[in-house]
Structure formats: C-alpha cells, structure tokens
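# Residue-level structure breakdown
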Amino acid sequence: MDKAQLLIASNRGPVSFVHRQDGSLEHRRGGGGLVAGMSSVATESDALWVCAALSDADREAAAAAPDGRIDHTGHAPEGMRVRMLDIPADTFASAYTSVANSTLWFVQHMLYDVPNKPAFGSGFRADWERYREYNTAFCEALLHGAAGDARVAVQDYHLSLVPWMLRQRRPDLRITHFSHTPWAPPEYFRLLPTDVARELLEGMLGADHLGFHSPRWADAFLDCCAAFLNVAVDTAARTVEFGGRVITVGVHPLGADPGDLRERAAAADVTERRETLRRRVGDRRTIVRVDRTELSKNIVRGFAAYRELLTTRPEWRGAVTHLAFVYPSRGDVPEYREYTETVRSMAKEINDEFATAEWTPLVLEMDDDFPRSLAAYRMADALLVNPVRDGMNLVAKEGVTVSDDGCALVLSTEAGAADELGADALLVNPFDVTETANALHAALSMPRQERAARCGRLAEAAAAAPPQRWFTEQLRALR
Ligand SMILES: O=P(O)(O)OC[C@H]1O[C@@H](O)[C@H](O)[C@@H](O)[C@@H]1O
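Cut-offs and rules
- Residues numbered from 1 in each chain as written.
- Predicted model: local features only at pLDDT ≥ 70, side-chain atom pairs only at ≥ 80, totals over all residues.
- Heavy atoms only, no water.
- Helix = DSSP H or I, 4+ residues; strand = E, 2+ residues; numbered from the N terminus.
- Contact = heavy atoms within 4.5 Å.
- Areas by Shrake-Rupley, 256 points an atom, 1.4 Å probe, with all protein chains shown as cover.
- Lys, Arg positive; Asp, Glu negative; His and termini not counted.
- Charge placed at Lys NZ, Arg CZ, Asp CG, Glu CD.
- Phe/Tyr/Trp six-rings, centres within 6.5 Å; stacked < 30°, edge-to-face > 60°.
- Buried < 20%, exposed > 50% of the residue type's maximum accessible area, 1.4 Å probe, protein only.
- Lys NZ or Arg CZ within 6 Å of the ring centre and 35° of its normal.
- Core = buried A, V, L, I, M, F, W, Y, C linked by side-chain atoms within 4.5 Å.
- Domains from an automatic or database assignment.
- Pairing = 2+ DSSP bridges.
- Axes fitted to C-alpha atoms, helices over the stretch in contact; angles between N-to-C directions.
- Buried area = accessible area lost by both parts, 1.4 Å probe.
- Salt bridge = Lys/Arg side-chain N within 4 Å of Asp/Glu carboxyl O.
- Polar contact = N/O pair within 3.5 Å; in protein donor to acceptor, adjacent residues only side chain to side chain.
- Nonpolar A, V, L, I, M, F, W, Y, C, P; charged D, E, K, R; others polar.

### Some remarks on the overall build of the chain
- In terms of regular secondary structure, the chain is built from 18 helices and 17 strands.
- Overall, the chain is about 65 × 50 × 40 Å in size when its C-alpha atoms are taken along their principal axes.
- Here the contacts in the chain between residues at least 6 apart in sequence split such that 77% fall between residues at least 24 apart.
- For the chain, the accessible area works out to roughly 18900 Å², and carbon and sulfur atoms hold 48% of it.
- Of the charged side chains in the chain, 54 are positive and 67 negative, and the gap between their average positions amounts to 1 Å.

Laid out in structure tokens, this is it:
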C-alpha cells in the first residue's frame, strides 16, 4: 500500500455504507465538520483516513478495497484513501459502548448520578483491556500506512491511547490529538480508577500537540496532568514536559462553514420543508431546538423551561410553538434509552396540559432529517441550545448562520460555543429552569431589528474558524 504523508484517525469515518435492496452497496456521508475541514488539506499531500467499520455494509466495502481505495465520491476529499477497520464485535462493544460512551463521555460531561455510579469492578477492567486492543488496532493501521515523518491527526476520546502507542514505535511521526468533548476538572476526573486516569493522560501525551475547543477544557486537561502525573506543567504557556519532550496544548474552536451551510439551506428540499413547517405553525413565533437525545443536551430541563414560560406568561399560550427535533442516539447505552423515553413523555405532558383544538404547543419529531433541521433554523425566532456541558456545540453556530430574518440565541454558559457567541447570545445557567424560561421570553420579545443585528454578529463569530482553517491551524502547530 502507498504510504501517506497525512493520516487522520477517528472512530466514525467520512463515509458509511448501506445495502440497497438488490444487495449492492450505496455510500453515504459519515459524520461531522471534520470531513469538510479535510477537503483543503487533502489536496496538498497524500492522505489516508483510518476509521472503524460500523456495519456489515462497511465491512463489505472495506474488504473489497484493502488498499483503502473505496468509493466515497462526494463524501471525502477526492484521492483520499479511507481504511475501515474490521474490529471484532466484542472488542468494539467494550471499547466503544462501555469505555468510550458509558465511561469517558460520562466523565468529561460530568453526567454520573454519583450516589449510584460509577462503580469500577472487574467487568470494567476487562472492558479497559479491550479498549487498549481497539486503540492498538488503530495504531497498527496507522503505522502500516504512514510515510516517514508523516503527520497523524487523532480524534477524540475513543482513541486516547493511540498517540503514545505510535510514539513508542515511530518517533519520526508528528502527532496531534484533538478532544471534541469538554475536559473534566481533576476533582471529577478522579472518579476514574487512578491507573486508568494516568494511562489515559499519558496516552494522549504521546502526541506533540493536543487540541481543545475551549480554553476551559485545555486548562482542565493541564490541571489533570499536574494532579495525576509527575510532570512539569506550565499553565501560562500551556505546555507539559513528559518523557523528555515538550507537548503543546492549543485552543482551536471549530466554526461553521457558512458557504457550504447557506448553499445547503437554500436548496429546494429545505425550502419545501420550511413551507410545510410554516403551514403547521401558522403565524406563531417559534422556539427551535435540534439535538440528539443525548444526556448532555439537557432537553428535559429545556422542556421544563418552556412549560414554565407557558405557565408564568400566559400571553404566549397559542402564540408560540416549540419545534423540538431530537433524534435517538447510542441506543446501546441504557441511560440513553431511558432519557429518550423521558423526553417523549414530557413532551406529551406539556401538550396534554396546554394544547387546544387549534394549537399544539410542542411539536416533537424524533427522526434525523437534516434538511428539516435547516428549515427550522431558517425560520426560528428563538434557538434554544442549553447543554449541561458541551465541547463546542455546532447547532448554535449553524442555526445563526442560516437564519432568514435573524433569530435570538438562548445559549448555555457550559457550551464551548459560549466563549465566542457569549456577547450576543442570551446566556443561561443550564440548571436554572426559571432563568431559561425568562431568556426564552426575552428572546421572543426582542425587537426584530435588535434580533437581526445580534444574529448577524453571531453568524460572523460562528464563521471565525471554519473547518479548513481549524484543521490547518492544528497541523501548523506541528511544524
Ligand atoms: O459515537 P457517535 O455517535 O459517532 O458520536 C461521537 C461524536 O459525538 C459528537 O457529538 C461529539 O461532539 C464528538 O466528540 C464525538 O466523537
């Protein structure tokens, strides 16, 4: 196989496959802004993206192209090779569901119901061993594909151990690791077994450069290094001295891609959905939210705030509709299934309490329809983004970018996006339901001109570091 100068590693790749009815394979876009970011860099050097095969169709596509030359036209940069790893099912379940999603995600977002969880017994140790194996599989594939002095960009908490594994075998490689999540302060990070906490930090410190979306998360990471490892941490310079090397820690907030988003939002399928939604809500004001049914997104308190708005300010009854487009994710984790049910039943309670023959106060849709989300962003009077903790939150940035007439943004202080959007958003403590209800009222009551002016400035701030620039900046930190 040709060796690559630039490699990316992430659990979810830029492309995924499904079987058509006739059994043939159809490719679809994988996840996220990273894909867009790659399009500029991939052209300057030979690039390889290593990810996990997440379905039988992915495995079939991967087996048919062991050199990584699978068909991903329109989803990944032209010429880039994509290598999908066939990870054994039990290894994947332990590494992805038990360690990454049920442990590391819970720690970094501080989601545990602490009187009861976590409790790390022998089952966890077995899962952790599999997490090592899963990271090893990525390491081997990267070693196999990397040219001398290649740059390797490792993504997220699924692959925390990869940088150190690579470093031990190939000191010539130049490695970045980016955390898309928040980072927990040492007092919370210490919930992890101490040996695991150390292994995780040391694993990441195998990189030359570590990236985070917000200074808050970068500083929390440095505090954890100081608390758990015997290393020299310079908090002012954001560096860690470890294993005879100086590792730099950088803040790289990912922004929206305005050109791409606005073009997509102007397409016929979006406009058609906008018209359907408009017919559905009539001339009422709209509060929009778009999320996965994800514990950190705080959908339940968001609904509680809407209920409080309707209770304490009856003038909004019949005059506003809440469009909540939230779709189930991570169904393998029991807490997520329960949360999805709570969201569903709470929406029903609100409608049972306030609905009239002419008015549905809360429209809940639980399928993932991106064009419909764009349509909702375009027409929103208020956009509600109230996570309890979030690495960045791109909904906030995308929503203000495609708004037709300017929407008011109600935004949690605990989202990384609040660093850049705080000046013109209505910031709320995500745990304070009354403050959120008041912010919704302020958003709906805001004079149109002020709303449009704020939204314009928000869109500008959201576009400060579009994906291409975000990615190139990290690579530059390697030079
Ligand atoms: O496991 P999934 O559903 O692909 O989600 C993973 C991604 O979920 C996103 O919401 C996070 O911002 C990323 O940090 C993470 O990598």
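### Observations concerning the packing of aromatic side chains
- One pass over the full model with this rule turns up 16 aromatic pairs.
- Taking 4.9 Å as the distance between ring centres and 75° as the angle between the ring planes, the aromatic pair formed by Phe178 and Trp470 counts as edge-to-face. Linking Phe178 in strand E7 (residues 174-179) with Trp470 in helix H18 (residues 467-476), this pair joins segments that are 292 residues apart in sequence. Accessibility assignment for this pair places Phe178 and Trp470 in one class, buried.
- Put simply, the rings of Trp183, Phe189, Phe212, Phe221 and Phe228 pair up and form one aromatic cluster.
- One cation-aromatic arrangement involves Arg330 over Trp105; the distance from NZ or CZ to the ring centre is 4.1 Å.

### Some thoughts on the nonpolar core
- Membership of the largest hydrophobic core comes to 106 residues, with the highest contact counts inside it found for Phe138, Trp183, Phe189 and Phe221.
- Each of domain 1 (4-254 + 468-476) and domain 2 (258-462) gives at least three residues to this core.
- Each residue touching Phe138, except ones within four places of it in the same chain, is listed here: Ala9, Ser10, Asn11, Val50, Cys51, Ala52, Leu85, Ile87, Leu159 and Val162.
- Core analysis: the second largest hydrophobic core is formed by 35 residues, Leu261, Val400, Ala417 and Ala418 among them.

### Considerations on the sheet that holds strand E17 (residues 426-428)
- An order of E14-E13-E12-E15-E16-E17 is seen for the six strands of this open sheet, with the pairing classed as parallel. The two strands at the open ends of the sheet, each matched to only one other strand, are strand E14 (362-365) and E17. Direction aside, the axes of adjacent strands within the sheet are offset by 20° on average.
- When strand E16 (residues 408-412) meets E17, the two strands line up parallel, connected through three bridges.

### Notes on the domain arrangement of the chain
- Taken domain by domain, the chain holds domain 1 (4-254 + 468-476) and domain 2 (258-462).
- A separation of 30 Å is found between the C-alpha centroids of domain 1 and domain 2.
- With 24 residues of domain 1 in contact, the opposing surface of domain 2 contributes 23 residues.
- The contact between domain 1 and domain 2 buries some 1700 Å² in all, and 53% of this surface belongs to carbon and sulfur atoms.
- Taken as a group, Trp105, Arg216 and Leu254 account for 27% of the area that domain 1 buries against domain 2, more than any other trio of residues on that side.
- Where domain 1 meets domain 2, there are two salt bridges.
- One salt bridge in this structure joins Arg216 and Asp419, with 3.0 Å as the shortest N-O distance.
- Our count for the domain 1 to domain 2 interface comes out at twelve residue pairs in polar contact (both at pLDDT 80 or more).
- The set of elements that each furnish at least two residues to the side of domain 1 that touches domain 2 consists of helix H3 (89-108) and helix H8 (215-228).
- For the side of domain 1 that touches domain 2, the element with the highest residue contribution is H3, accounting for six residues.
- Of the residues in the side of domain 1 that touches domain 2, the class split is 13 nonpolar, nine polar and two charged.

### Points about the pairing of strand E10 (residues 239-242)
- Here strand E9 (residues 232-234) runs beside E10; their pairing, made up of three bridges, is antiparallel. The partner of Asp234 across the bridge, within E10, is Thr239.
- Where E9 hands over to E10, the hairpin turn is made up of four residues, of which Arg238 adopts a positive phi near 55°.
- Inspection of the sheet shows E10 paired to strand E11 (residues 245-251) by four bridges, in the antiparallel sense. Within E11, the position partnered with Val240 by the bridge is Ile247.

### Quick notes on the sheet that holds strand E1 (residues 4-9)
- Spatially, the nine strands line up as an open sheet ordered E5-E4-E1-E6-E7-E8-E11-E10-E9, and their pairing is mixed. Here the strands that pair on one side only, and so sit at the sheet edges, are strand E5 (81-85) and E9. Within the sheet, the average angular offset between the axes of one strand and its neighbour, ignoring direction, is 20°.
- When strand E6 (residues 146-155) meets E7, the two strands line up parallel, connected through five bridges. For Ala153, the partnering residue across the bridge sits in E7 and is Thr176.
- Of the strands in this sheet, strand E8 (209-212), E9, E10 and E11 touch H8, which is tilted by about 150° from E11.

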